[in-house]
Amino acid sequence: MKIVVRDVTFAYNSHAVLHGVSLGVAEGEIVSIIGPNGSGKSTLLRCLARVLQPRRGAIFLDGREILAIDARQWARQVGYLPQAGGTSFPITVLEAVLMGRKPHIRWGVMPRDLEAVERAMRYTGVEEMARRPLGELSGGERQKVLLARALAQEPEVLLLDEPTTSLDILHQLEILELLRQLAVEQGKAVIMVMHELNLAARFSDKLVLLKDGSIFAAGRPEKVLSVASLKAVYGVEAVVSEGRFGLEVLPLRPVAGRGTLGGDDTT
Amino acid sequence: MGWSCKGPMFTLKHRTDPWNQGRDCTGRARRFLALRPSPVPRPRDRRGTVEEIYASTTFRKALLLVGLVILLAAAGLVAATAGAAQVGAGDVWRVVAGKFLPAYRGTAGELARTVVVDLRLPRILLAVITGMSLAGAGAAMQGVLHNPLVDPYILGLSSGAAFGAALAIVLGAGFLAPVYGSVGPYLVITNAFVFGILAMWLVYGIARLRGTAPETLILGGVAIGYLFSAGVALLKYVSENEALKELVVWLMGGLWGATWEAVRLLFPLVLASQAVLLYYAWDVNALLAGEEVAGSLGVNVRRVRLLYLGAASMAAAATVAFTGIIGFVGLVAPHICRLLIGNDYRFLIPCSSLLGAALLLVADTGARTIMAPTEIPVGVITSLIGVPFFLGLLLKRRSQISL
């Protein structure tokens, strides 16, 4: 296992957000953390990214407790994309991606840094935007640039917080395919928080379904996403079917607001 | 099987991957790539490779740096020759060379030497040092506090220093009063410095309780600033005529108090502060992308913020203690440089510092010559020169940053 989370508990002040979460992620694996708003998805990811420190339990990267790893060493192994956070002062796309080399740079920029930047920008298809200000890009382009920054770090693990939220469907697919490719071809472990269940199911090897800060179910998508689990966790009536391209989830209505029932599953 | 693909297999277009040239995709990737919309050919990059773009933008940044050094040298020469006493550029050279180059054997007139060495040179150097420290501090604080409206005085520093100075001028009280015995310039200087640092330290201490978030620091600075300003107002109200005048002049700021002693004291301090700001330039670059990202890039956000604020405030407080409060340079010089070369702190710090030095030097030369023998407050001139230039750039470039 590349990453092991063992019995992690986290609380903001006295408000507990995670209770005894444990999971493992192997190399080349894509794991999506799903669950309703406030279920602790982002908190779990932020614990994994060392932004937050668990109150109890520990997280291990290659068998080493992550809080014990030197910051620079850590940054060379783990890339983290938080949810869209704006910059206060404008920077260009090239400068943004070059920042990914920070853990490798002492002060001067070496040719190999620029090579890594170029490789990362080509990989996500933003190389012709190098001179443009980051703030002028569309949401989808911007996300590709930020992914390029994480790749310029040359990490073994990628952590992403809702990488496709607020992107159009083309950009959603492009980003997820890039992640898929990174996992399959380069063996990177990818852990992301996802809201869109169909995309999460299609592009992930495993899903982790959180409910109130605990893991409700984890494993292969078809095992985790079921009519019963969606009802119990999200409070939603849904149809789950095995479609041509994998699992298909169609949410119907909130359980609480049930007016007419039955018959839906046959459509 | 989670990935069952019951429909007809899509054909996979060959795709070269710069990271993985030639290696075939595995089955699962193949299926996913098959879903990829037909690749749109991207326009060939006409503007060069990353390496070329980086080289050209870096060249432009370096060019500005060199240009500013030349501008500063020229301003220094003008300042050395401008004034009531007629001293030509040749005299200036002979005097300066005679003073700093032991091997130089030329001689200059006694008058020229006195005017240049005793009066103009320390004033020029103090202007340069002050401009550097204020503008460098402005750039630094704007960066780590993520706020373009911040200047070196934001952490209550100016009000603290003003209160310290006022205390010394009006009441003759201060930390070192027993040492000096009477109210002298040193009492004002040490008091201004101590209270400037005290205010900043207070603000930082308060902000620490809330994790030193930029908002807490800025708002805490504003609040503490008001507190000390109230103290200054009270001291003004109770002061005698003589002291009031001295206090008002101090608050306006100016470089008339320049001495070699001040230069010798401030120079190493400002140099050290600049060294710290440059050393952490990459960390601050990363910090511009947000605290979480910076953390994930291996930056110790808290430490960088403390060191940056500390180094910047220390230099600013020290110079302010000698010159009084000189506004605007610290706010505007970094922004002018930002508009010209963007936000790479490796270049922004030295460029801002040099521009601040040049701006203050030109302004001070104007201040002491335009209405000679009366001196105009230097802050008036800085604004008169800086504001039109800054607004012109702002309107021309808008949000664009040039590279």
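The rules behind these values
- Within any chain, residue numbers begin from 1 and follow the written order of that chain's sequence.
- The order in which chains are written sets their letters, starting at A; the order in which ligands are written sets their numbers, starting at 1.
- Where totals are concerned, whole chains, interfaces and linings use all residues; where local detail is concerned, this predicted model gives features only for residues with pLDDT of at least 70, and gives and counts side-chain atom pairs only at 80 or more.
- The basis for every side-chain value is the complete set of heavy atoms in the structure, and neither hydrogens nor water enter the calculation.
- Only DSSP runs of H or I covering at least 4 residues are called helices, and only runs of E covering at least 2 are called strands; the numbering of each starts at the N terminus.
- When a residue's accessible area, from a 1.4 Å probe over protein chains only, is under 20% of the maximum for its type it is buried; when over 50% it is exposed; and in between it is partly exposed.
- Shrake-Rupley sampling with a 1.4 Å probe provides the accessible areas, and residues are treated as covered by the protein chains on show and by no other component.
- When DSSP finds two or more bridges between a pair of strands, those strands are recorded as paired.
- pLDDT is defined as a per-residue confidence score from the predictor, taking values between 0 and 100.
- Contacts were defined at the residue level, with two residues in contact if any of their heavy atoms lie within 4.5 Å.
- For helices, the axis comes from a line fit to the C-alpha atoms of the stretch in contact; other axes are also lines fit to C-alpha atoms, and the angle between any two N-to-C directions lies between 0 and 180 degrees.
- For Phe, Tyr and Trp, where Trp contributes only its six-membered ring, two rings pair if their centres lie within 6.5 Å, and the inter-plane angle classes them as stacked under 30 degrees, edge-to-face over 60, or tilted in between.
- In a helix, the anticipated span is given by 1.5 Å times the number of residues less one.
- Take a side-chain nitrogen of Lys or Arg and a carboxyl oxygen of Asp or Glu: if they are within 4 Å of each other, that pair is a salt bridge.
- Each nonpolar core is a collection of buried residues, namely Ala, Val, Leu, Ile, Met, Phe, Trp, Tyr and Cys, held together in the definition by side-chain atoms within 4.5 Å.
- Per the annotation, domain bounds derive from an automatic or database assignment of domains.
- Roughly parallel means an angle under 35 degrees; roughly antiparallel, over 145; roughly perpendicular, 65 to 115; everything else is oblique.
- Put simply, a crossing is left-handed when the front helix is turned counterclockwise from the back one by less than a right angle, and right-handed when it is turned clockwise.
- Gly counts as polar in this scheme, as do all residues outside two lists: the nonpolar Ala, Val, Leu, Ile, Met, Phe, Trp, Tyr, Cys and Pro, and the charged Asp, Glu, Lys and Arg.

Draft legend 1. Fine view of the overall build of chain B. Within chain B one finds 16 helices and zero strands. Classification of the 403 residues of chain B by burial places 52% in the buried group. For chain B, the accessible area works out to roughly 18900 Å², and carbon and sulfur atoms hold 66% of it.

Draft legend 2. Representation of the sheet that holds strand β5 (residues 64–65) of chain A in the model. Taken in spatial order, the four strands line up as β2-β1-β4-β5 (chain A) in an open sheet, and their pairing is antiparallel. Each end of this open sheet is capped by a strand with a single partner; those strands are β2 (15–25) and β5 of chain A.

Draft legend 3. Fine view of the confidence of the model for chain A. Per-residue confidence for chain A averages 88 on the pLDDT scale, and 94% of its residues sit at or above 70. Within the model, the stretch residues 258–267 of chain A combines pLDDT values under 50 with seven contacts to residues more than four positions away or in other chains.

Draft legend 4. Representation of the sheet that holds strand β3 (residues 30–34) of chain A within the structure. Residue and element names in this part refer to chain A. If you trace the six strands from one edge of the open sheet to the other, you get β6-β7-β8-β3-β9-β10, paired in mixed fashion. The sheet is open, and its two borders are formed by β6 (78–81) and β10 (214–219), each paired with just one other strand. The sheet shows a mean angle of 15° between the axes of neighbouring strands, taken without regard to direction. In this sheet, strand β9 (residues 206–211) lies alongside β3 in parallel orientation, the contact comprising four bridges. Bridge assignment links Ile34 to a residue of β9, and that residue is Leu209. On the sheet, helix α6 (residues 169–186) packs against β3, β7 (157–161) and β8 (189–193) and is oriented at approximately 150° with respect to β8.

Draft legend 5. How the structure looks around the packing of aromatic side chains. All names here are of chain B. Evaluated as defined, the whole model comprises four aromatic pairs over all chains. Seen from their ring centres, Phe163 and Phe195 are 5.5 Å apart, and the 75° between their planes marks the pair as edge-to-face. In this pair, Phe163 is assigned in helix α5 (residues 157–171) and Phe195 in helix α7 (residues 185–208), connecting sequence segments 32 residues apart. When the centroid spacing of 5.4 Å and the interplanar angle of 50° are considered together, the rings of Phe163 and Phe228 count as tilted.

Draft legend 6. Up close: α5 of chain B. All names here are of chain B. The end-to-end C-alpha distance of α5, which contains 15 residues, comes to 21 Å, matching closely the 21 Å that a straight helix rising 1.5 Å per residue would cover. With 14 of its 15 residues buried, α5 lies for the most part within the structure. Of the residues trailing α5, Gly172 is marked for its positive phi of about 65°.

Draft legend 7. Spotlight on the pattern of salt bridges. All names here are of chain A. If you walk through the whole model with that rule in mind, you get 21 salt bridges over all chains. As a salt-bridge pair, Glu118 and Arg122 come within 2.8 Å of each other at their nearest N and O atoms. With Glu118 and Arg122 both in helix α4 (residues 111–124) and four residues apart, the pair spans about one turn of that helix. Among the salt bridges present, the one from Arg122 reaches Glu127, with a minimum N-O distance of 3.6 Å. Note on Glu127: relative accessible area 15%, which makes it buried.

Draft legend 8. Layout of the nonpolar core. Residues Met121, Leu179 and Leu225 of chain A together with Trp250 and Tyr308 of chain B are the most contacted members of the largest nonpolar core, which totals 182 residues. If you tally residues by element for this core, the top one is helix α4 (residues 110–144) of chain B, at 18 residues. Built from parts of two domains, this core gets at least three residues from each of domain 1 (3–225) and domain 2 (235–267) of chain A. Counting 31 residues, the second largest nonpolar core, distinct from the first, contains Phe10, Val25, Ile59 and Leu159 of chain A.

Draft legend 9. The arrangement of the confidence of the model for chain B in detail. In this model, chain B carries an average pLDDT of 80, and 82% of its residues clear a pLDDT of 70 or more. The low-confidence segment residues 1–46 of chain B, where pLDDT is below 50, has 75 contacts with residues more than four positions distant or belonging to other chains.

Draft legend 10. Seen up close, the pairing of strand β4 (residues 56–61) of chain A. Residues and elements named next belong to chain A. Summarising the sheet, strand β1 (residues 3–12) and β4 pair through five bridges and their orientation is antiparallel. Across the sheet, the residue bridging to Thr9 is Arg56, located in β4. Inspection of the sheet shows β4 paired to β5 by two bridges, in the antiparallel sense. In the sheet register, Phe60 faces β5, and the bridge partner there is Glu65. Between β4 and β5, which pair antiparallel and follow one another directly, the connecting turn spans two residues, one of which, Asp62, has a positive phi of 50°.

Draft legend 11. Region of the structure containing the packing of α5 of chain B against helix α9 (residues 241–252) of chain B. All names here are of chain B. Where α5 meets α9, the axes come as close as 10 Å, and the angle between the chain directions of the two elements is 155°. Relative to α9, the element α5 is oriented roughly antiparallel. Crossing of α5 over α9 shows right-handed handedness. Mapping the contact onto sequence places Ala161, Ala162, Ala165, Ala166, Ile169 and Val170 in α5 and Ala243, Glu246, Leu247, Trp250 and Leu251 in α9. Counted by class, the contact of α5 with α9 contains ten nonpolar, no polar and one charged residues.

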